[in-house]
Amino acid sequence: MSDLKMTVRKLDRQTKGDLKDLKLSVNKLDQKTTDDLSGLKLAFNKSDQKTTDDLPDLKLAFNKLEKKTTDDLSDLKLSVSKLDTKIAGIQANVSDWIHRQQKVKEDVSAKLVENEKVVNNVAASVTQLTKSGLEREKILQRLEKLEDNMKNKQDKPEKERAPIRLPATCPGGYRKYREVCYKAFDVKKTFSESSETCRADGGTLAMPRDAGIDDFLVSLMNQKFDFWIGLHDKRQEGKWEWIDGTALGTGYNRWRSGKPYNFWGNEYCALYYKLRSSLLQASNRTPIYGKRPRLQS
């Protein structure tokens, strides 16, 4: 029991000592807190003063920012308005383009229909030409046979030749001279082409064997053009003969002064010279503009 009391007393003394130290620590802490609070109040007062000093600058900066925002907003509205106008223009252009494309499409469709009609017409023409090809072939065969007969007649003596049957009247476009029909054509052809054309028309190139026929043919001439006659030396250079195979001989001719003269080495066919109505030479391959008198036999 005595030991317990002694222990309690020691504990009481120790507790009192600790309590005293605790109070001392609390007093020190209270003093420090008071000092810190005073410092905090002083710092707050300084901060409040700085805030008061900065407030005018802040208001000025805010006003500037507000004005800039207002100006930027006005510019933005103007830009939006311009953009709306541009978009409207683009929409109008797009509408116009769509309209033009539609028009092009319609035109192409119409052209296709037209081309289809043309193709159908061409096909029909080809069919018709194919059908007429046999008839043309028959005509060519008859012409070849006629040419052979004419050559056979030329080989016979004059007395053995059958008389030429002359037409009672001339076909349309022809003019008669001495019971022979002549016609002038404004075309551009070579000598051979002209000869073939005359033969297809039932005659030959004209053969002015005397002054009368010569003058008549000259009267048909358009003085702006040259034109072929049925005279050539294609078989033998310098040996001129008419288209029917008979020789020119030394009879009537109307050669221009200095002609015939094969200047280019390939001039085998005779033509009327447009300016002086005299005979010249030209290549068989030379296309001549003007009138080609034809003999309708």
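Residues numbered from 1 in each chain as written. Predicted model: local features only at pLDDT ≥ 70, side-chain atom pairs only at ≥ 80, totals over all residues. Heavy atoms only, no water.

- Per an unreviewed UniProt entry, the protein carries the name C-type lectin domain family 4 member M-like and comes from Branchiostoma belcheri.

**What to know about the environment of Val187**
- When you line up the elements, Val187 lands in strand S3 (residues 186-189).
- Overall, the relative accessible area of 29% leaves Val187 in the partly exposed class.
- When the C-alpha atoms of Val187 and Phe227 are compared, they prove to be 9.5 Å apart, with 40 residues separating the residues in sequence. (Helix = DSSP H or I, 4+ residues; strand = E, 2+ residues; numbered from the N terminus. Buried < 20%, exposed > 50% of the residue type's maximum accessible area, 1.4 Å probe, protein only.)

**Describing the pattern of salt bridges**
- For the structure on display, the rule yields eleven salt bridges.
- For Arg199, the salt bridge is made with Glu196, and the minimal N-O distance between the two is 2.8 Å. Of this pair, Arg199 and Glu196 both sit in helix H2 (residues 191-200), separated by three residues, roughly a single helical turn.
- Across the pair Glu241 and Arg235 runs a salt bridge, and its minimum N-O distance is 2.4 Å.
- Take Glu241: its relative accessible area is 8%, and that puts it in the buried class. (Salt bridge = Lys/Arg side-chain N within 4 Å of Asp/Glu carboxyl O.)

**Description of a positive patch on the surface**
- Side chains of Lys5, Arg9, Lys10 and Arg13 sit close together on the surface and give a patch of like positive charge.
- Along the chain, the position of Lys5 falls in helix H1 (residues 2-155). (Patch = residues over 30% accessible without salt bridge, like charges linked within 9 Å, V, L, I, M, F, W, Y side chains within 5 Å. Areas by Shrake-Rupley, 256 points an atom, 1.4 Å probe, with all protein chains shown as cover. Lys, Arg positive; Asp, Glu negative; His and termini not counted. Charge placed at Lys NZ, Arg CZ, Asp CG, Glu CD.)

**Quick word on the packing of aromatic side chains**
- The full count for this structure, using the stated rule, is three aromatic pairs.
- Chaining the aromatic ring pairs together yields one cluster made of Tyr177, Tyr182 and Phe216. (Phe/Tyr/Trp six-rings, centres within 6.5 Å; stacked < 30°, edge-to-face > 60°.)

**Quick notes on the environment of Lys188**
- Assignment of secondary structure puts Lys188 in strand S3.
- Each C-alpha atom, one on Lys188 and one on Phe227, is 9.4 Å from the other, the two residues being 39 residues apart in sequence.

**Overview of a nonpolar patch on the surface**
- Together, Ile90, Val94, Trp97 and Ile98 make up a nonpolar patch on the protein surface, roughly 380 Å² of accessible area in all.
- Take Ile98: it is sitting in helix H1.

**A look at the side chain of Glu241**
- Assignment of secondary structure puts Glu241 in strand S6 (residues 241-242).
- Within polar-contact distance, the side chain of Glu241 engages the side chain of Arg235 at 2.4 Å.
- Beyond its immediate sequence surroundings of up to four residues, Glu241 is in contact with Gly230, Leu231, His232, Arg235, Thr246, Ala247 and Leu248. (Polar contact = N/O pair within 3.5 Å; in protein donor to acceptor, adjacent residues only side chain to side chain. Contact = heavy atoms within 4.5 Å.)

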